[in-house]
Amino acid sequence: MPQALSILNPNQPGCGYPEKSLCGAAIALKLAQALLERRDPTRLKEKILPSFLKMAAIATIADAVPLRGENRTIAALGLRELRRPMGVGLRALFAAAALDPASKQVTGFDVAFRLAPRINAAGRMDVASDVIELFTTRDLGRAQELAAKLERLNLERRDTEAFVLKTIEERLATEEGLAAEPMLVLDGDGWHRGVIGILASRVVERTAKPAIVICVEEGVAHGSGRSVHGFPLLEAIETCSDLFTRFGGHAFAVGFALPAAALPELKQRLRCYAAERLAAREPERLLQIHAELPLDRITPVLAGWLRKLEPLGHGNPEPIFVARNARLMAPVRVMKERHVALSLTQATSATGAHSGNIGVMRAVGWDMAFRAVELGLSEGSRIDLAYRIRENDHPDYGGIEVEIAGIEPAA
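Now for a quick tour of the structure. (Residues numbered from 1 in each chain as written. Predicted model: local features only at pLDDT ≥ 70, side-chain atom pairs only at ≥ 80, totals over all residues. Heavy atoms only, no water.)

### Side note on the sheet that holds strand β5 (residues 253-259)
Backbone-to-backbone hydrogen bonds pair the strands of a sheet. The strands run either parallel or antiparallel.
At step 1: One open sheet accounts for five strands, arranged β1-β2-β3-β5-β4; its pairing is mixed. Pairing within the sheet leaves two strands with one partner each, and these edge strands are β1 (184-188) and β4 (246-249). Here the strands of the sheet are splayed against their neighbours by 15° on average, with no regard to which way each runs.
At step 2: Examined bridge by bridge, strand β3 (residues 220-226) and β5 share seven bridges and lie antiparallel to one another. Residue pairing in the sheet places G225 in a bridge with V254 of β5. (Pairing = 2+ DSSP bridges. Helix = DSSP H or I, 4+ residues; strand = E, 2+ residues; numbered from the N terminus. Axes fitted to C-alpha atoms, helices over the stretch in contact; angles between N-to-C directions.)

Here it is in structure tokens:
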């Protein structure tokens, strides 16, 4: 441990603080709270702490720490305060993400999938200091300029990710023996370092196998990996610790750097390790289904009750429902070569007959185009659908819809 007046780390030995999973921003919040309680407790409670909670909530959700205990309190109170964003930078970020907190309750989903990607894009694709300037400037014009830059960087990140992912999919389809490997270690020339973690997650989603994606810059190989249940990835790379200049992570995610010349040795060792640990395992795509819910049971009242479970996220997952024997009422619509939109209705009897009073439900599947092709979905196809309930606020096609979490042929 470093020699210091004080070390703020709830996980250090001997620390009795009850919440062990605070993110870095939440620890900074606790320091500010402790100092300000001594100086001006009234102003802290009425003005300063509510303002700080907005940023701490964004960080808590974006960092995917468990939304339980104090983390849940920080996220819930911060989301409440985000209804009234005061700083010009935060308002500009909301506008860039097409979010209006005055007319719509800000949710954990909004933070995780609309605000956080734009914030993270700065560090992934350019310089993270732009985010600091965005949140500290008082110049509205400068804030709008920075928010627009984050939007461009996020679009660039998406395009870069899509390009490399297409390359990876082509390699998996054409390179002999690669798709059969129990663990996938993939590298390529010119891959952007800022997206390798996202790409590793995408490969795991598609293959249900542990995956490491590596880029090489100036003779240094940078890697990011994601894993599946039952294969602790940090333990795997610890067997190669002598090769790394740095490494770290946990059971499900790791990062590392090593000389590019050591890549063949790393691949060989990990291939042997995975072959031994995963020899009898068949790749499985597993979803935890919370309840069976036919599509015609989805109502605005139910959606309202689900909102009361917020904030939802890691450690307090959003409910996933299943609807069985749903039927496609129109051809699959592919969006941007990656996503799909389905028009669905659902049979209500064992014979598959439809009652005639069930409307058509719109279902959206992000990065599900590959699965639709894999299953050969077309008009009339019958599927079992795992889904989350969404409230779309788009002015042209808004309303209740479902987000696809998984698709299987109807049993």
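### Comments concerning the packing of helix α2 (residues 41-62) against helix α3 (residues 69-81)
At step 1: Axis separation between α2 and α3 bottoms out at 7 Å; the angle between their running directions is 120°. What the angle tells us is that α2 and α3 run oblique. The way α2 lies across α3 gives a crossing that is left-handed. Residues P50, L53, K54, A56, A57, T60 and I61 of α2 form the contact with α3, whose own contacting residues are N71, I74, A75, L77, G78, L79 and E81. (Parallel < 35°, antiparallel > 145°, perpendicular 65-115°, else oblique. Left-handed = near helix turned anticlockwise from the far one by under 90°. Contact = heavy atoms within 4.5 Å.)

### A few points about the packing of helix α4 (residues 88-96) against helix α7 (residues 140-174)
At step 1: Interhelical geometry of α4 versus α7 gives an angle of 40° and a closest axis separation of 8 Å. In terms of their interaxial angle, α4 and α7 are classed as oblique. As for the relative orientation of α4 and α7, their crossing is right-handed in sense. Mapping the contact onto sequence places V88, G89, A92, L93 and A96 in α4 and L140, A143, Q144, A147, L150 and E151 in α7.

### Regarding the packing of aromatic side chains
At step 1: All told, the structure shown has five aromatic pairs when counted by the stated rule.
At step 2: With 4.8 Å between their ring centres and 35° between their planes, F244 and F256 make a pair best called tilted. Pair noted here: F244 is in the loop between α9 (233-238) and β4 and F256 is in strand β5, with a separation of twelve residues, a long-range link. For the pair F244 and F256, one class covers both residues: buried.
At step 3: Consider the rings of F321 and Y387, whose centres lie 5.8 Å apart with planes at 40°: the pair is tilted. (Phe/Tyr/Trp six-rings, centres within 6.5 Å; stacked < 30°, edge-to-face > 60°. Buried < 20%, exposed > 50% of the residue type's maximum accessible area, 1.4 Å probe, protein only.)

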